[in-house]
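Here is how the chains run, residue by residue.
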Amino acid sequence: MPTAEEIERRVEAADAARSEMRSAAARRVGDLAERHTELAEELGDVERELGDVLAECGDIIEIDELVAFTDVPAAELTRWRTNAKPSRSKGKKPAGMGQAKSVQARKPAAPNIPAKTKSFASQDVPLARGADTPTPAVAS
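The present account deals with the structure reproduced in this document. (Residues numbered from 1 in each chain as written. Predicted model: local features only at pLDDT ≥ 70, side-chain atom pairs only at ≥ 80, totals over all residues. Heavy atoms only, no water.)

1. Some remarks on the nonpolar core
Rules: Among the buried residues, those of types Ala, Val, Leu, Ile, Met, Phe, Trp, Tyr and Cys that are joined through side-chain atoms within 4.5 Å form a nonpolar core. Note on classification: 1.4 Å probe, protein chains only; a residue is buried when its accessible area is under 20% of the maximum for its type, exposed when over 50%, partly exposed between these limits. The helix and strand labels rest on DSSP assignments: H or I over at least four residues marks a helix, E over at least two residues marks a strand, and numbering proceeds from the N terminus. In this description, contact between two residues means that some pair of their heavy atoms is separated by no more than 4.5 Å.
Counting five residues, the largest nonpolar core consists of Leu54, Ile63, Leu66, Leu77 and Trp80. Mapped onto this core, the elements with two or more residues apiece are α2 (63–70) and α3 (74–83). The residues touching Leu77, leaving out its near neighbours within four places in the chain, are Leu54, Ile63, Leu66, Val67 and Val72.

2. A few points about unusual backbone geometry
Look at Asp71: it is not a glycine, yet its phi comes out positive at around 60°. Relative to the helices and strands, Asp71 resides in the loop between α2 and α3.

3. Thoughts on a negative patch on the surface
For clarity, the threshold we go by: Candidates for patches are residues over 30% relative accessible area with no salt bridge; among them, like charges are joined within 9 Å and nonpolar side chains (Val, Leu, Ile, Met, Phe, Trp, Tyr) within 5 Å. Per-residue and other accessible areas were derived by the Shrake-Rupley procedure at a 1.4 Å probe size, with only the shown protein chains allowed to occlude residues. The rule for a salt bridge is simple: a side-chain nitrogen of Lys or Arg has to be within 4 Å of a carboxyl oxygen of Asp or Glu. Charged residues are defined narrowly, with Lys and Arg counted positive, Asp and Glu counted negative, and His plus the chain ends left uncounted. A charged residue contributes its charge at one atom only: NZ of Lys, CZ of Arg, CG of Asp or CD of Glu.
On the surface, Glu5, Glu8, Glu12 and Asp15 cluster together to form a negatively charged patch. Structurally, the position occupied by Glu5 is in helix α1 (residues 4–56). Residue Glu5 is classed as exposed on the basis of its relative accessible area of 67%.

4. So, the pattern of salt bridges
With the rule as written, the count across this model stands at six salt bridges. One salt bridge connects Glu6 with Arg9, and the closest N-O pair in it is separated by 2.5 Å. Of this pair, Glu6 and Arg9 both sit in helix α1, three residues apart, which is roughly one turn of that helix. For Glu6, a relative accessible area of 23% gives the class partly exposed. You can call Arg9 partly exposed: its relative accessible area is 46%. With its nearest N and O atoms 3.1 Å apart, the salt bridge here joins Arg10 to Glu6. Here the residue Arg10 and the residue Glu6 both occupy positions in helix α1, the gap between them amounting to four residues, near one helical turn.

Written as structure tokens, this is what we have:
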């Protein structure tokens, strides 16, 4: 039978091996997550650029033509174009948009009532014997 010291040494050896495997797994996950973040940012940049190009060239070449020339699915091209940020125009706002916004901004805020507020009818009122509705108890 092993001594207490031998048992402790075995446990430490097993823990050290497991700890090393856990550290390696955590490092690998961390590295891959960092790489994923970098690639996702790069992909987002490419998609924004695609959207900008598609928006800019929309009056020069149609989506159907791009599909035929590039073999890129129309759904992808349309999604990139749709997700492109529209250029800011200096035209007028649609009628009534400014008015509604300013009227809404001037409305007073609704009172902040806690969600668990009870009305008088639902308060803890003792029921009179045989009654179906709350009736305040009368002190005598």
